[in-house]
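A closer look at the structure
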Amino acid sequence: AAAAACAKKQQAPTVQTALVTRRDIIIDAQANGTIEPIAVIEVKSKASGVITKMPVETGTHVNPGDLLVQIDTRDVQNRYDQAQASLNAAEAKLSVSESDKKRNEEMYKARVITPQEYEKVAVDYENARSGVVTARANLDIAKQQLEDATVRAPSVGTIIDKTVSEGTVIASATGSVSGGTTIVKMADLGVVRIRALFNETDIGNVHPGQPANVTVDAYSDRRFSGVVEKIEPQAVVQQNVTMFPVLVNLQNGEALLKPGMNGQVSVLIDERDNVVAIPNDAIKNPREAVATGALLGLSADSVQN
């Protein structure tokens, strides 16, 4: 038994070998991330009231000017009608004052009335003009309030979140201390981005404008081409590992990429075609020299030498 043990100790260790070959080498930095829209618009209403019509749902594609929400217009319509009536009365009063002023000018020139009487008529005329200006301003405000009761899409996009429905009472974005009720959130999903966390050891080789390949779990057999938009300056520490968020823009004309999808990003750093190559495991640093030499039957002193 002792002899067999000594034979095992003297047996040379097995060393893995590999052929030196020519091949294409690609160096890339890889990280995981999540698909997100580039710009999210929170749509709110300047008017408050009860929603009477809401034709959109989550996922609805809208164009600029499409109806998102219709708010009950009874109150604002009444205010608009009152403002219109006030303007009509002010314009009628101005017309009468203008005619009265012209008559009194002739009478004043003929010295039929006193200067004080003429001045009173002139003041009444200016007050009538001021009344028309005020009535027109009030009508314009009432018109804006009536238009604000109809909320339309500000740009092209897709509804990604809907927080209210028909019958909900919403607060005005301009008249509420809380900032008003968010009706929907929408974004243009024609171009999206993936936010990936790259290790700090790789971040020095990643630069804006570099091409990147993205694969998502939903379409594992397909690669999406993107471009590095920017590297955020603030690091994120997860499990004692320092990483930096990198934003990669992706064209999404087919609408396959959805916000929240998980994916993997690969940023090309360097590549060489048809070069002499050996496996990474065959490369040993000086700290590993003694242990590696022992595998080859070399003593520590010979390796140091």
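To be clear, the structure that these remarks concern was listed above.
Structural notes, computed from the coordinates.

Thresholds applied
Residues numbered from 1 in each chain as written. Predicted model: local features only at pLDDT ≥ 70, side-chain atom pairs only at ≥ 80, totals over all residues. Heavy atoms only, no water. Helix = DSSP H or I, 4+ residues; strand = E, 2+ residues; numbered from the N terminus. Rg over C-alpha atoms; globule rule 2.2 N^0.38 Å. Contact = heavy atoms within 4.5 Å. Areas by Shrake-Rupley, 256 points an atom, 1.4 Å probe, with all protein chains shown as cover. Lys, Arg positive; Asp, Glu negative; His and termini not counted. Charge placed at Lys NZ, Arg CZ, Asp CG, Glu CD. Buried < 20%, exposed > 50% of the residue type's maximum accessible area, 1.4 Å probe, protein only. Core = buried A, V, L, I, M, F, W, Y, C linked by side-chain atoms within 4.5 Å. 1 Å grid on protein atoms, 1.4 Å probe; cavity = no way out; pocket = protein on both sides within 12 Å on 5 of 7 lines; lining within 4 Å. Points joined across faces, edges and corners; volume = space filled by probe spheres on them. Nonpolar A, V, L, I, M, F, W, Y, C, P; charged D, E, K, R; others polar. Salt bridge = Lys/Arg side-chain N within 4 Å of Asp/Glu carboxyl O. Pairing = 2+ DSSP bridges.

So, the overall build of the protein
- Counting secondary structure elements, the protein contains 6 helices and 15 strands.
- Here the protein has a C-alpha radius of gyration of 39 Å; the compact-globule value for 305 residues is 19 Å, and the former is much larger.
- Seen through its C-alpha atoms, the protein measures out along the principal axes to roughly 145 × 45 × 35 Å.
- Sequence-distant contacts in the protein: of pairs separated by 6 or more residues, those separated by 24 or more amount to 76%.
- Surface exposure of the protein reaches about 19700 Å², of which carbon and sulfur atoms provide 50%.
- Within the protein, the 37 negative side-chain charges are centred at a point lying 1 Å from the centre of the 31 positive side-chain charges.

Overview of the side chain of Thr 182
- Relative to the elements of secondary structure, Thr 182 occurs in strand 9 (residues 182-187).
- Judged by its relative accessible area of 18%, Thr 182 falls in the buried class.
- The residues contacting Thr 182, other than those within four sequence positions of it, are Glu 42, Val 43, Lys 44, Thr 163 and Val 164.

A few points about unusual backbone geometry
- Phi angles above zero are rare outside glycine, and Asn 240 is one such case at about 65°.
- Along the chain, Asn 240 turns up in the loop between strand 13 (236-238) and strand 14 (241-251).
- Given a relative accessible area of 77%, Asn 240 falls into the exposed group.
- Although it is not a glycine, Asn 274 sits at a positive phi angle of roughly 55°.
- Along the chain, Asn 274 falls in strand 15 (residues 262-277).

Considering the nonpolar core
- Counting 25 residues, the largest nonpolar core has Ile 35, Phe 198, Val 214, Val 248, Leu 250 and Val 265 as the members making the most contacts within it.
- Secondary structure elements with two or more residues in this core: strand 1 (21-37), strand 10 (191-199), strand 11 (211-216), strand 12 (219-231), strand 14 and strand 15.
- Apart from the residues lying within four places of it in its own chain, the contact partners of Val 265 are Ala 29, Gln 30, Ala 31, Ile 194, Ala 196, Phe 198, Ala 212, Asn 213, Val 214 and Val 248.
- Judged by nonpolar contacts, the second largest core, of 20 residues, contains Val 62, Val 151, Ile 170 and Met 186.

Observations regarding the layout of surface pockets
- The calculated volume of the largest pocket comes to roughly 430 Å³.
- Taken together, 15 residues line the largest pocket, and the ones lying closest to its centre are Val 15, Gln 16, Asp 281, Ala 282 and Lys 284.
- The class makeup of the residues in the lining of the largest pocket is 9 nonpolar, 4 polar and 2 charged.

Some remarks on the pattern of salt bridges
- Overall, the coordinates contain 14 salt bridges when judged by the stated rule.
- The shortest N-O distance in the salt bridge between Lys 162 and Glu 57 comes to 3.1 Å. Note that Lys 162 is positioned in strand 7 (residues 157-162) and Glu 57 in the loop between strand 3 (49-53) and strand 4 (61-62), a separation of 105 residues in sequence.
- For Lys 162, a relative accessible area of 22% puts it in the partly exposed group.
- Residues Glu 254 and Arg 222 are paired through a salt bridge, measuring 2.5 Å at the closest nitrogen-oxygen approach.

Here's the deal with the sheet that holds strand 9
- Ordered in space as 2-9-7-4, the 4 strands form an open sheet in which the pairing is antiparallel. Lying at the two open borders of the sheet, with one neighbouring strand each, are strand 2 (40-44) and strand 4.
- Sheet topology places strand 2 next to strand 9; 5 bridges connect them, and they run antiparallel. When the sheet's bridge partners are listed, Val 43 is paired in strand 9 with Val 184.

Looking at the pairing of strand 1
- Across 13 bridges, strand 1 lies against strand 15 in antiparallel orientation. Bridge pairing links Ile 26 to Glu 271 in strand 15.
- Here strand 1 pairs with strand 10 via 5 bridges, running antiparallel. Within the sheet, the bridge partner assigned to Ile 35 lies in strand 10 and is Ile 194.

Section: the side chain of Asn 252
- By the secondary structure assignment, Asn 252 is in the loop between strand 14 and strand 15.
- The residues contacting Asn 252, other than those within four sequence positions of it, are Leu 189, Gly 190, Val 191, Val 192 and Leu 257.

Considering the pairing of strand 9
- Where burial is concerned, most of strand 9 is hidden: 5 out of the 6 residues are buried.
- Both strand 7 and strand 9 contribute to a ladder of 4 bridges, which runs antiparallel. Counted as the bridge partner of Asp 161 is Lys 185 from strand 9.

Thoughts on the environment of Gly 179
- Structurally, Gly 179 is set in the loop between strand 8 (169-170) and strand 9.
- Note: C-alpha distance between Gly 179 and Lys 44 (135 residues apart in sequence) is 8.9 Å.
- Those residues in contact with Gly 179 that lie beyond four places of it in its chain are Lys 44, Ser 172 and Ala 173.

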